[in-house]
Amino acid sequence: MDGNGRWALERGKKRLDGHRAGAATLERVMHWAKAAGVEILTVYAFSTKNWKLPQDEVDGLMKLLGWFIGRKKKQLVKDGVRFRVMGRKADLPEKLQKSIADLEAATAAGTWQLVVCLSYGGRAEILDAAKKFAELPATERDEAHFKNCLYLPDLPDPDLIIRTSGEFRVSNFLLWECAYSEFYITPVLWPDFSEADFNAAIASFHSRERRMGGHK
Ligand code: IPE
Ligand code: MG
């Protein structure tokens, strides 16, 4: 969900206003994704490196997350959404950890998944997985067992990864899982990401031939 800061600065607003606008975009995208038949939406909300942002922005983002989580419970349960957080949860403020656990439990029966990456880093995930993997017997040290050591091993690899704000980088997102994902990069800043932009990404995905390293 990249470009919140630039969106705000272009308008003479504070970066946090951009993050607020970004949260509203997420609500809209969930709606469009459901309508398009997407079953799992994973969003990169806060990286392991984002702790280095100015303290007031970090605090503001944590507050915004807490607000989003607190406000959404009823709606998510009603819509059958299962809310899950992926990342180093222990890094988060304790109060936020509690509200996350509460929302995850309240939405556990949901069948449509919203996965929010918080204090997430692809390298951190691989490193955390490697520590578990090292405990396995030698005969089990294969790709399938490594995947089982990731944060949310039941999730399939993403089919499509959309990057907003025109950056041609992976930026430590789902490093293990993105091996065969299709990438879609748009210059649109996340708060401006519209239904037409979303549909263009989906159409682009459908136009691609996915060989996954094999032949047709
Ligand atoms: C969203 O936008 C990312 C976070 C939630 C931290 P950015 O903060 O990366 O916005 P830009 O890249 O500065 O425009
Ligand atoms: Mg950015």
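Throughout what follows, the structure given in this document is the object of discussion.

Cut-offs used in this document
- Residues numbered from 1 in each chain as written.
- Chains lettered and ligands numbered in written order.
- Predicted model: local features only at pLDDT ≥ 70, side-chain atom pairs only at ≥ 80, totals over all residues.
- Heavy atoms only, no water.
- Axes fitted to C-alpha atoms, helices over the stretch in contact; angles between N-to-C directions.
- Helix = DSSP H or I, 4+ residues; strand = E, 2+ residues; numbered from the N terminus.
- Parallel < 35°, antiparallel > 145°, perpendicular 65-115°, else oblique.
- Left-handed = near helix turned anticlockwise from the far one by under 90°.
- Contact = heavy atoms within 4.5 Å.
- Nonpolar A, V, L, I, M, F, W, Y, C, P; charged D, E, K, R; others polar.
- Expected span 1.5 Å × (residues − 1).
- Buried < 20%, exposed > 50% of the residue type's maximum accessible area, 1.4 Å probe, protein only.
- Arc of directions from axis to C-beta.
- 1 Å grid on protein atoms, 1.4 Å probe; cavity = no way out; pocket = protein on both sides within 12 Å on 5 of 7 lines; lining within 4 Å.
- Points joined across faces, edges and corners; volume = space filled by probe spheres on them.
- Salt bridge = Lys/Arg side-chain N within 4 Å of Asp/Glu carboxyl O.
- Phe/Tyr/Trp six-rings, centres within 6.5 Å; stacked < 30°, edge-to-face > 60°.
- Lys NZ or Arg CZ within 6 Å of the ring centre and 35° of its normal.
- Near = heavy atom within 4 Å.
- Polar contact = N/O pair within 3.5 Å; in protein donor to acceptor, adjacent residues only side chain to side chain.
- Areas by Shrake-Rupley, 256 points an atom, 1.4 Å probe, with all protein chains shown as cover.

## Description of the packing of helix α3 (residues 55-78) against helix α4 (residues 94-106)
Line of reasoning, step 1. Put simply, α3 and α4 touch, their axes get as near as 10 Å, and they point 20 degrees apart. Classified by the angle between their axes, α3 and α4 sit roughly parallel to one another. Read as a crossing pair, α3 and α4 show a hand that is left-handed. Across the interface between the two elements, M62, L65, G66, I69, K73, L76 and V77 of α3 pack against L96, S99, I100, D102, L103 and A106 of α4.
Line of reasoning, step 2. Grouping the amino acids of the contact of α3 with α4 by side-chain chemistry returns 9 nonpolar, 2 polar and 2 charged.

## Describing α4
Line of reasoning, step 1. Taking 1.5 Å per residue as the helical rise, α4 with its 13 residues ought to reach 18 Å, and the 18 Å between its terminal C-alpha atoms agrees with that figure.
Line of reasoning, step 2. Within the span of α4, buried status applies to L96, I100, L103 and E104. Along the axis of α4, the buried residues cluster in a sector spanning 100 degrees; they form a single face. Turned more than 90 degrees from where α4 packs its buried face, E94, K95, K98 and A105 sit exposed.
Line of reasoning, step 3. Those residues of α4 hidden inside the fold are in contact with α3, β2 (81-86) and β3 (112-120).

## Describing the layout of surface pockets
Any space left empty among the atoms is revealed by the rolling of a water-sized probe across them.
Line of reasoning, step 1. Estimated volume of the second largest pocket: approximately 150 Å³.
Line of reasoning, step 2. Surrounding the second largest pocket, M62, K63, G66, P93, K95, L96 and S99 form its lining.
Line of reasoning, step 3. Along the lines of polarity and charge, the residues of the lining of the second largest pocket split into 3 nonpolar, 2 polar and 2 charged.

## With respect to the pattern of salt bridges
Line of reasoning, step 1. Applying the stated rule across the entire model yields 20 salt bridges.
Line of reasoning, step 2. E167 is paired through a salt bridge with R6; the nearest N and O atoms lie 3.2 Å apart. Placement of E167 in the loop between β4 (160-163) and β5 (182-185) and of R6 in helix α1 (residues 4-10) is noted, with a sequence separation of 161 residues between them.
Line of reasoning, step 3. The closest approach of N and O atoms between R15 and E57, which form a salt bridge, is 2.9 Å. Separated by 42 residues along the polypeptide, R15 in helix α2 (residues 15-35) and E57 in helix α3 bring together distant segments of the chain.
Line of reasoning, step 4. Residue R15 is classed as partly exposed on the basis of its relative accessible area, which comes to 33%.
Line of reasoning, step 5. Residues joined in a network through salt bridges with shared partners are D2, R6, R163, E167 and R169.

## Regarding the packing of aromatic side chains
Line of reasoning, step 1. On inspection of all chains with the given rule, the structure shows 9 aromatic pairs.
Line of reasoning, step 2. With a centroid separation of 6.4 Å and an interplanar angle of 45 degrees, the aromatic rings of W32 and F198 are classed as tilted. Separated by 166 residues along the polypeptide, W32 in helix α2 and F198 in helix α7 (residues 195-206) bring together distant segments of the chain.
Line of reasoning, step 3. The class for W32 is buried, based on a relative accessible area of 11%.
Line of reasoning, step 4. Exposure remark for F198: the relative accessible area of 4% places this residue in the buried category.
Line of reasoning, step 5. An angle of 20 degrees between the planes, with centres 5.5 Å apart, marks the rings of W190 and F193 as stacked. Taken as a pair, W190 and F193 share a single burial class, namely buried.
Line of reasoning, step 6. Taken together, the ring pairs connect Y44, Y120, Y151 and F173 into an aromatic cluster.
Line of reasoning, step 7. Between the NZ or CZ atom of K34 and the centre of the ring of W112, over which it lies, the distance is 5.5 Å.

## Section: the site of ligand 1
Line of reasoning, step 1. Taken together, M1, D2, G3, N4, G5, R6, R15, H19, A45 and N50 are the residues near ligand 1.
Line of reasoning, step 2. One of the side-chain N or O atoms of R6 is found 2.7 Å from an oxygen atom in ligand 1.
Line of reasoning, step 3. Contact distances for ligand 1 include 2.7 Å between an oxygen atom and a side-chain N or O atom of R15.
Line of reasoning, step 4. Coverage of ligand 1 by the protein chains reaches 82% of its 380 Å² of free accessible surface.
Line of reasoning, step 5. Taken together, the elements giving at least two residues each to the shell around ligand 1 come down to α1 and α2.
Line of reasoning, step 6. Here the element with the most residues in the shell around ligand 1 is α1; it accounts for 3 residues.
Line of reasoning, step 7. Taken together, the residues that form the shell around ligand 1 break down as 2 nonpolar, 5 polar and 3 charged.

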